[in-house]
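# Geometric and topological summary
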Amino acid sequence: MHAEARKLVTIVTESALERRLVNDLRRLGAHGYTISDARGEGSRGVRNAGWEASSNIRVEVVCDDATAEAIAGHLRTNYYDHYAMILYFSDIGVLRPEKF
Amino acid sequence: MIPLDPIVLFFLLGLLAGLGRSDLRLPSAIYEFLSVILLLAIGLKGGVELAQQSVTALLPQMAAVIVMGLVLPLAAYPVLRALGRLARADAASIAAHYGSVSVGTYAVAVAWLVSREISFEEYMPLLLVLLEMPAIVVGILLARGISAGTDWKALTHEVFLGKSIVLLGGGLLIGWAAGPTALEPVGGMFFGLFHGVLALFLLEMGLVAAGQISSLRRHGLFLVAFGIIFPLFGAAVGGGLGWLLGLSTGGTMLLAVLAASASYIAVPAAMRLALPEANPTLSLTAALGVTFPFNILVGLPLYYQWATLLHRLGG
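This text gives an overview of the structure that appears in the document. (Residues numbered from 1 in each chain as written. Chains lettered and ligands numbered in written order. Predicted model: local features only at pLDDT ≥ 70, side-chain atom pairs only at ≥ 80, totals over all residues.)

## What about the pairing of strand E2 (residues 34–38) of chain A?
Residue and element names in this part refer to chain A.
- Burial analysis of E2 places just zero of its five residues in the buried class, which makes it a mostly uncovered element.
- Here five bridges tie E2 to strand E5 (residues 56–63), and the two strands are oriented antiparallel to one another. When the bridges of E5 are listed, serine 36 appears paired with arginine 58. (Buried ≥ 20, exposed ≤ 12 C-beta atoms within 10 Å, placed from the backbone. Helix = DSSP H or I, 4+ residues; strand = E, 2+ residues; numbered from the N terminus. Pairing = 2+ DSSP bridges.)

Shown next as structure tokens:
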């Protein structure tokens, strides 16, 4: 089975940002995304999703290297300073490269 | 002696469970559901009553309340800057929280009045909706000034289509359009369950408040003092305004409660997007860790006495 190499970009951040983030991802060339609710703890304290202000989301985007770079750059300049946000990449293989 | 309100006891249970690090936790979907029912119920109640009022007769009250929503954050800001030595964005954000209102506190105040069979102007939810927004605008202007690049279009969308405004405003409109008789079939859900839903909601609020109290240690005495004294000032202003507007004693108390309460649904979401550099922990700690418990546990009877006093002195 041949798999094409792609990047999986995973972003964990405040759910307040969801709408804005989705617009950014679309604009930066992501073909799709998956969002799930998340909770956890980090440098900005416990985010236990008990209510609006402490809820987190995990956004996953499968894309090519260039788009992944663009997303990372954009988020770093616009959100890292003031929002609870982490972002990491994984190398993954996909079967239908035209989708991503 | 009047026995303690069960709703307040539910809040205390949540608070103690949270402080004791119990594993009690309401799923966030349940919290969402409870707040949807509360917001709609409050809106519907107000709307039904609104249908029997002439809206033009209410215009002076509406205008006065909006002015109060603009003035309260302007009063809070210099205090936060000068006495609290807070950064501009933090002070502006907290001012916006305190200028706006807490629907949860309002709901508890209504339950408090209902259980004592004290009447009040049932169209108060209209004033509640109007009070949510002005402080947000003032907060952003205080932090940014008029010229700078706030994305007002996105923000307007966020504020007007935020959950609390949509549900409160929508409830008002539905109640107003449908009237009391047509609403009866759905009334069981919204009015019959109101007190039970409120009790569960307060259980969750207790848990949330306990989480905020733990961050109080880091942010110190000023926030505690502000979170108690500013609501007292707000209640004095709101009560005075209610009396001037000719509201009943119950209505005067409710306007005092609205002015004393600090938002924790609409404003935090708006501030997070409009003033990202403002530390949300500060405003939420004050609003939820100090002011919400204070208003529920100590404030309500005080504000009622204030309303009674105003009416006795003023005739």
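Now that the structure has been shown, we can carry on.
## What about the packing of helix H4 (residues 88–99) of chain B against helix H7 (residues 134–144) of chain B?
All names here are of chain B.
- Close contact between H4 and H7 brings their axes to 8 Å; oriented N to C, the two are set at 170 degrees. With respect to H7, the axis of H4 lies roughly antiparallel. Facing Arg88, Ala89, Ala92, Ser93, Ala95, Ala96 and Gly99 of H4, the residues of H7 in contact are Pro134, Ala135, Ile136, Val138, Gly139, Leu142 and Ala143.
- Partitioned by chemical class, the residues of the contact of H4 with H7 number 10 nonpolar, three polar and one charged. (Axes fitted to C-alpha atoms, helices over the stretch in contact; angles between N-to-C directions. Parallel < 35°, antiparallel > 145°, perpendicular 65-115°, else oblique. Contact = placed C-beta atoms within 7 Å. Nonpolar A, V, L, I, M, F, W, Y, C, P; charged D, E, K, R; others polar.)

## A closer look at the packing of helix H5 (residues 103–115) of chain B against helix H10 (residues 194–213) of chain B
All names here are of chain B.
- Taken N-terminus to C-terminus, the directions of H5 and H10 make an angle of 135 degrees; their axes are 11 Å apart at the nearest point. On the basis of the axis angle, H5 is oblique to H10. Read as a crossing pair, H5 and H10 show a hand that is left-handed. Contacts between H5 and H10 involve Gly104, Ala107, Val108 and Ala111 from the first element and His195, Leu198, Phe201, Leu202 and Met205 from the second. (Left-handed = near helix turned anticlockwise from the far one by under 90°.)

## A closer look at the interface of chain B and chain A
- Facing the 14 residues of chain B at the interface are 11 residues of chain A.
- Contributing elements (two or more residues each) for the side of chain B that touches chain A: helix H2 (28–50), H10, helix H13 (266–274) and helix H14 (280–314) of chain B.
- For the side of chain B that touches chain A, the element with the highest residue contribution is H13(B), accounting for four residues.
- Here the residues of the side of chain B that touches chain A are counted per class, giving 10 nonpolar, one polar and three charged.

By themselves, these are just geometric observations and shouldn't be taken as functional.
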